[in-house]
Structures are given as C-alpha cells and as structure tokens.
Amino acid sequence: MSNKITEKYFTQDDFSQHEAEVLAQVTAETGFVVEKEIFRGLIYDKSKIGSLIYKGSLNGKPAVLKLQGLKPEVDEVEIVRHFTDQNQSKLVRVPVLYAHKPWTEERGYGYLITEYLDAPKIFEMPFASTEQMHDFARFYQDYRTSALTRSWVEPETKDSLAFTVHRVDHWRKISEHKKRLSLEDYAPYLVRYYPLAVKHQPSIQMVLSQGQLTAKDIYRH
C-alpha cells in the first residue's frame, strides 16, 4: 500500500477552505507559532489543496508544521518510523518529529510538526553544478544501498507493466479534464509508448522508492 496523491484529483476538496479554522485549532493545541506559509500541496489545480506547510517555532525551536487535509492510505509518521527502523545510512536521515496527530474522519485532517532544517538544498534548480551533481550521485547511491535496506510494504501489484499503464492513463484523464491536451496531442506518443512498454516493462522489477527526491526535498545538513 502506498499514498496516492495524484489519484485523488477527481475526489479531493479544497482543504484551504478550512485553513484558518484548522490552523487555529492546531496552534492552540500544540503551541506552534506560525511565521509564514512555505508550501501548498496542489493536486494539479489551485482549487485542489491537499496539504499546507508553515515555518515557525515550537517551544522556542525552529519548526515546520504540516496540515494534512488529504486522507493518506498510510500515515506519514508510520512511514517515517518504518524508514528509521531499517535505515543504516550515515548520510541520510529524516527531520526530527516533535508532535503529531494522524488524520481522522471526525477531524478531517491530521498534522505533524518537525524540526526546521536551516541548510542548503543539495542542488539548485533548474541546473545543478558539477559539484552538486556529484553530491546528488553520492546521496542517491547511499540512499539506495544503505537508507533503504528492506521494503516495509507489499506492493499492490508486482506487474510493472500494469502499474505504469494505469498511471499513464490516469495522467491522460487529468490532462483531458484540465483541457491541457487533446487526442491529437498525446495519441501519437501513446501509439509508440505501448508497444515499447509491453516489450520491456515486464522485465523491470518493482522497487520501494520515494517520489520526492528533488532539489526541494533534499538538504545538506
């Protein structure tokens, strides 16, 4: 089981409509002091907000608050716990957790507060320098060999072809819904893609991974 963000595109309401109310509840409950908003978790659309992240402080320490309006299949703190239990890396770690409440149907949200990392990103967008490329390669090798030593979830399918074809079709539906693509735009690519996928993807093994390994998500600390 994994958290599917993009697949909530057609069902997710705009969590930001309850932003002020939820933020007031959480800050009163935890004592978190908001400095500024630093991230809005969009699901391909400004009217589909799944999460909100704020920089601030907790008990005098720099901290980050994430309000989770999107119901996760797996609670983020559970993912962090499983990752930490099997992580053998000396380079890769997750931010320290200060406070947390899981998402519940009654509340309609969950939250977690972690340390704020005042550190440079591993590379700068849009292009990394040669030194930053080397740093990322060193990070990724350690991540794949030492930070992820075993899987803690069973894949919903071990059929990489079926998994990928389903994802491609879902992105196609979103693009059509947002009127970004017409049949003429994508059909020629799909005609070429499917035969290659059928030929090569069954031999590609499904592996546990994290989709957010970008310049915005990795810090040198």
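My aim in this report is to walk through the structure given alongside it, one point at a time. Here the residue index of a chain counts from 1 through its sequence in written order. Confidence filtering applies because this is a predicted model: local features only for residues at pLDDT of at least 70, side-chain atom pairs given and counted only at 80 or more, and all residues used for totals across whole chains, interfaces and linings. With hydrogens and water stripped out, all remaining heavy atoms of the structure feed into the side-chain values.

**Looking at empty space enclosed by the protein**
One water molecule sets the probe size; rolling that probe over the atoms shows where empty space is left. Definition in use: Both cavities and pockets are sets of points on a 1 Å grid over the protein atoms alone; in a cavity a 1.4 Å probe fits but cannot get out, in a pocket the set is open with protein on both sides within 12 Å along at least five of seven lines, and lining residues sit with an atom within 4 Å of a point. Grid points are joined across faces, edges and corners, and a volume is the space filled by probe spheres set on the points. Strands are runs of DSSP state E lasting at least 2 residues, helices are runs of H or I lasting at least 4, and numbering of each runs from the N terminus.
Scanning the model with the defined rule gives one cavity of 30 Å³ or more in all. In this structure, the largest cavity occupies an estimated 70 Å³ of space. Lining of the largest cavity is provided by Gln-68, Pro-72, Asp-75, Glu-76, Val-77, His-100, Lys-101, Pro-102, Trp-103, Gly-110, Tyr-111 and Leu-112. Of all elements in the fold, only α2 (76–86), β4 (97–101) and β5 (110–115) reach the threshold of two or more residues within the lining of the largest cavity. The element that contributes the greatest number of residues to the lining of the largest cavity is β5, accounting for three residues.

**Looking at the sheet that holds strand β3 (residues 61–68)**
Basically, it comes down to this: Pairing between strands requires that DSSP locate at least two bridges from one strand to the other. Here an angle of 0 to 180 degrees is reported between the N-to-C directions of two axes, which are lines fitted to C-alpha atoms, with helices fitted over the stretch in contact. In what follows, residue pairs with any heavy atoms lying within 4.5 Å of each other are defined as contacts.
The five strands are arranged β1-β2-β3-β5-β4 in an open sheet whose pairing can be described as antiparallel. Looking at strand neighbours, the two that pair on one side only are β1 (33–42) and β4, the edges of this open sheet. With direction set aside, neighbouring strand axes in the sheet form an average angle of 15 degrees. Summarising the sheet, β4 and β5 pair through four bridges and their orientation is antiparallel. Paired with His-100 across the strands is Leu-112, a residue of β5. In the packing of helix α1 (residues 19–30) onto the sheet, contacts are made with β1, β2 (49–58), β3, β4 and β5, and the angle to β3 comes to roughly 135 degrees.

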